[in-house]
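One-letter residues, chain by chain:
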Amino acid sequence: MHSKLLDEFNENGYVVIEDFLKPEEVETLYQAGRALCLDAPQSNRKIFSTVKAEDAHSKELYFLESGDKVRYFFEQGAIGDEGQLVVDPMIALNKVGHALHVEHPTFNALTFSNRVKEVCWQLNFNRPAVCQSMYIYKNSGIGGEVTPHQDSWFLHTEPNSAVGFWFALEDCTLQNGCLQFIKGSHKSGVHRRYVRNPDPNASELMVYDRASPIYPQSSFTPLQVSKGTCIVIHGNVVHKSEPNRSQKSRHAYTFHVIETENNVKYSEDNWLQAPQDKPFPVLFERKA
């Protein structure tokens, strides 16, 4: 099957679909994200940062074991030395993940909607499964940068099949840290991997197998999009977002889909592994 969406995806490594969500759907998802702030744990709070990597063991385990749970990750600047919140709880979270698509009815409904299935169908998936989901806050002033990366570093399959769905729940601008992409960079393979540490005695549970490539700032195209937009992201396209320097937050919901047919193998050293009794939920099976 051939589609304009597929052509654009193959050419750029991403597709922008405006007004994918209706205004009332955006509002429902946004309010669900705000409600999660009040559900966050009051003790043993964990920080999430893609910049600082001085990870304690317990923090890594909390992250590693979050694949089938709803877990809460705080911003670097939100927690004091004693683990106390030093900002308003409504702006303290970096993200919540990684099983909102299963455990939370609001996010489940969008993830398994016919519109999402239709996009996967047009991208020629045969048996797409959703492997993880996140609510990302990117709050005003405190919302940290996300360094340049390919999603396949984290969600590697052989051959590569990961596709991200990223939904803007607020308008995304240069000031509040919109997504930025290197057009066509998905054609250059996977530049490195984030893997479970093969050394059983190491303190770090996860390691990168190579140093990060240097991506010139001039290569990136910022995507300033309105709330309700869906950006479909190839697993190998290089993208990033700058810190939020504005007075406005930049909430988003995102999830990833992988192929589970055609002899596609999900890498056993990825951080995210489905529990034996809970395989990644399948969106549809294309019948021959």
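In this text the structure is predicted, and so the values were computed from the model without any measurement.

### Thoughts on the nonpolar core
Phe20, Val116, Leu123, Phe165, Phe167 and Val232 are the most contacted members of the largest nonpolar core, which has 62 residues in total. Top element by residues in this core is helix α2 (residues 23-39). It accounts for six residues. Non-local contacts of Phe165, meaning those with residues more than four positions away in its chain, are made with Val116, Val119, Cys120, Cys230, Ile231, Val232, Tyr253, Thr254, Phe255 and Val257. Of all hydrophobic cores here, the second largest spans 15 residues; its members include Met134, Trp166, Cys172 and Phe181.

### Some thoughts on the pattern of salt bridges
Within the structure shown, the criterion is met by eight salt bridges. Of the charged contacts in the structure, one is a salt bridge between Glu25 and Arg115, with a shortest N-O distance of 2.5 Å. One end of the pair, Glu25, is in helix α2; the other, Arg115, is in helix α6 (residues 114-122), and 90 residues separate them in sequence. Its relative accessible area of 32% is what places Arg115 among the partly exposed residues. Salt-bridge contacts for Asp209 lead to Arg210; the nearest nitrogen and oxygen are separated by 3.3 Å. By relative accessible area, which is 41% here, Arg210 ends up partly exposed.

Conventions and cut-offs
- Residues numbered from 1 in each chain as written.
- Predicted model: local features only at pLDDT ≥ 70, side-chain atom pairs only at ≥ 80, totals over all residues.
- Heavy atoms only, no water.
- Core = buried A, V, L, I, M, F, W, Y, C linked by side-chain atoms within 4.5 Å.
- Buried < 20%, exposed > 50% of the residue type's maximum accessible area, 1.4 Å probe, protein only.
- Helix = DSSP H or I, 4+ residues; strand = E, 2+ residues; numbered from the N terminus.
- Contact = heavy atoms within 4.5 Å.
- Salt bridge = Lys/Arg side-chain N within 4 Å of Asp/Glu carboxyl O.

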